[in-house]
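# Structural overview for review
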Amino acid sequence: MSSSDTPVRPARPLHLAVALDGAGWHPAAWREPGTRPGELFTARYWVELARTAERGLLDLITIEDGLGLQSGDHLSEPQRRTDRVQGRLDASLVAAFLAPLTSRIGLVPTVTTTHTEPFHVASALATLDHDSHGRAGWRVQTSVRPDEAAHFGRRQVPAVGRADLDTPQGRALVAELFGEAAEVVDTVRRLWDSWEDGAEIRDAITGRFVDRDRLHTVDVEASQFSVRGPSIVPRPPQGQPLVVSLSHGYEPSLLAAKVGDVVFTTPHDADDAVRTVDQVRTAERAAGRTAPPLKILADLVVVLADTEAAARDRLARLDARDPLSSDALVLATTPAGLADTLLDWQAAGLDGYRLRPAVLPTDLDAIVDGLVPELARRGAFRTGYAEAGLRERFGLPRPTSRYAPDADPALVPGLVPTTTGSPA
């Protein structure tokens, strides 16, 4: 039986996201027909991609970013290659621009924790949540490159390649950076909570704009930074914008379990998906996480065409120009074939997928116009947006500020105990 003949069967609805990066995730993408390399640094390009994803009813888009020029291996120094896309726009600013030009799609920029001030991160993402009326998220990322540290001049990061990660030096660096990332996310979450709901009175008659009893000081003395709140931005519409991160192993899974809402993973087959889900749940238990459990999405790089042969030919042509090396599985298939894989892997306990289009906009169009209708036909994807906010879309409650008198500690996102807050 061919994929197109697969009978419609009820399925647990999937979460579906796309990861947007330059001309696509394949290094040779910018040289493909239909791409627009001359527009990569224009607002119009990003608006068209976001609106296409929203037309496909996708949960969210993530926008890649980093503190250094692109490299084939994010652990290494930039390669200074002239035959690949170099440079990118600031992801959080792109998301802010997209907010009023979209209406339902979640907007999740990548913001690095290693050199970025938590107060600035909290303010920018809270502003994005206000701009988008509750559709903001944050993809947490660390920086391990010495050249990126040199941009800021505040600290040195030792040069550690992928082969060095399992050495004492590599393990120490990973522990330091992920520990710092947990502190940053926890601090940002506290700043989001530093304005209680209802802190803005706006009563012209009494002359009171804010209730100072509902503004709280956030004192943090962490390993690499210190912050004294409260935030300058009132509490975000979601209370806590969605926090997501990418995991390739136990340590990043533990970080997600401590402070995240959604984790992206990179299994390479159905059995690996089972192991990956088990690893995330093990990390949750180690972190003492109770509820809600992390939503687990698997990353896949996709090359899509009308036939399997055409998809494989497309990938072979791209690789002939510049071979793709990927942490995630690369699938060259049809939209129906991709739907088969997504539903087969779902049995491992995955909540959904983040797809990385190999070529933009070609593979994003194929996701929206081919995969989404196929999944909807099988009862595995929505036929319309039901929820307005991003947390709500993932079944997550809107938490009360941790500093409110009636706050339930069990419902406060993030589990890293560092500081307490007091009225400002």
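Residues numbered from 1 in each chain as written. Predicted model: local features only at pLDDT ≥ 70, side-chain atom pairs only at ≥ 80, totals over all residues. Heavy atoms only, no water.

## Quick look at the packing of helix 1 (residues 43-55) against helix 10 (residues 362-377)
The interhelical angle for the contact between helix 1 and helix 10, taken along N-to-C directions, is 20°, at an axis separation of 9 Å. Regarding the angle of helix 1 to helix 10, the classification is roughly parallel. The chirality of how helix 1 crosses helix 10 is left-handed. Contacts between helix 1 and helix 10 involve Leu-49, Thr-52, Ala-53 and Arg-55 on the former and, on the latter, Leu-364, Asp-365, Val-368 and Asp-369. (Axes fitted to C-alpha atoms, helices over the stretch in contact; angles between N-to-C directions. Helix = DSSP H or I, 4+ residues; strand = E, 2+ residues; numbered from the N terminus. Parallel < 35°, antiparallel > 145°, perpendicular 65-115°, else oblique. Left-handed = near helix turned anticlockwise from the far one by under 90°. Contact = heavy atoms within 4.5 Å.)

## Some remarks on unusual backbone geometry
Pro-292 follows Ala-291 through a cis peptide bond whose omega is -10°. Looking at the secondary structure, you find Pro-292 in the loop between helix 7 (270-287) and strand 11 (295-304). Cis geometry marks the peptide bond from Leu-360 to Pro-361; its omega dihedral reads 5°. Inspection of the secondary structure assignment puts Pro-361 in the loop between strand 13 (352-357) and helix 10. Its identity is not glycine, yet Leu-57 carries a phi of approximately 65°, on the positive side.

## Notes on helix 6 (residues 250-259)
The buried fraction of helix 6 amounts to seven of the ten residues, a majority that puts the element mostly inside the structure. Those residues of helix 6 lying buried are Pro-252, Ser-253, Leu-254, Leu-255, Ala-256, Ala-257 and Val-259. Of the surrounding elements, those touching the buried residues of helix 6 are helix 5 (168-193), strand 9 (242-246), strand 10 (262-265) and helix 7. (Buried < 20%, exposed > 50% of the residue type's maximum accessible area, 1.4 Å probe, protein only.)

## Considering the nonpolar core
Leu-16, Ile-61, Trp-138, Leu-300, Tyr-353, Leu-355 and Leu-375 are the most contacted members of the largest nonpolar core, which has 100 residues in total. Among the elements that make up this core, the one with the highest residue count is helix 5 (eight residues). Look past the residues within four positions of Leu-300 in its chain and what remains in contact with it is Ala-328, Leu-329, Leu-331, Leu-338, Leu-342, Trp-345, Tyr-353, Arg-354, Leu-355 and Arg-356. With twelve residues, the next largest nonpolar core counts Val-244, Val-262, Leu-297 and Phe-394 among its residues. (Core = buried A, V, L, I, M, F, W, Y, C linked by side-chain atoms within 4.5 Å.)

## Considering the pattern of salt bridges
The tally for this structure, following the rule as stated, stands at 37 salt bridges. A salt bridge links Arg-189 to Asp-261; the shortest N-O distance between them is 3.1 Å. Of this pair, Arg-189 sits in helix 5 while Asp-261 sits in the loop between helix 6 and strand 10, and the two are 72 residues apart along the sequence. By relative accessible area, Arg-189 is classed as buried at 0%. For Asp-261, a relative accessible area of 3% translates into the label buried. Asp-299 is paired through a salt bridge with Arg-356; the nearest N and O atoms lie 2.8 Å apart. Residue Asp-299 is located in strand 11, and its partner Arg-356 is located in strand 13; the two are separated by 57 residues in the primary sequence. Assigned by exposure class, Asp-299 and Arg-356 land together as buried. (Salt bridge = Lys/Arg side-chain N within 4 Å of Asp/Glu carboxyl O.)

## A word on the side chain of Gln-240
Checked against the element boundaries, Gln-240 lands in the loop between strand 8 (226-228) and strand 9. By relative accessible area, which is 0% here, Gln-240 ends up buried. Residues in contact with Gln-240, not counting those within four places in the same chain, are Arg-189, Trp-192, Asp-193, Arg-391, Pro-399, Arg-402 and Pro-413.

## Comments concerning the packing of aromatic side chains
Under the counting rule described, the total for this entry stands at two aromatic pairs. Where Tyr-45 meets Trp-46, the ring centres are 5.6 Å apart and the plane angle is 90°; that geometry is what we call edge-to-face. Relative accessible area serves as the criterion here: at 8%, Trp-46 is assigned to the buried category. Ring centres of Trp-138 and Trp-192 lie 6.5 Å apart, and the angle between their planes is 80°; this geometry places the pair in the edge-to-face category. Of this pair, Trp-138 sits in strand 4 (residues 137-141) while Trp-192 sits in helix 5, and the two are 54 residues apart along the sequence. Residue Trp-138 shares its accessibility class with Trp-192, and that shared class is buried. Positioned over the ring face of Trp-25 is Arg-356, at 4.6 Å from the centre of the ring. (Phe/Tyr/Trp six-rings, centres within 6.5 Å; stacked < 30°, edge-to-face > 60°. Lys NZ or Arg CZ within 6 Å of the ring centre and 35° of its normal.)

## As for the side chain of Ser-123
For Ser-123, the location among the structural elements is in helix 3 (residues 118-132). Engagement of the side chain of Ser-123 in a polar contact is seen with the backbone oxygen of Phe-119, the distance being 3.0 Å. Residue contacts for Ser-123: discarding those within four places in its chain leaves Ser-231, Ile-232 and Val-233. (Polar contact = N/O pair within 3.5 Å; in protein donor to acceptor, adjacent residues only side chain to side chain.)

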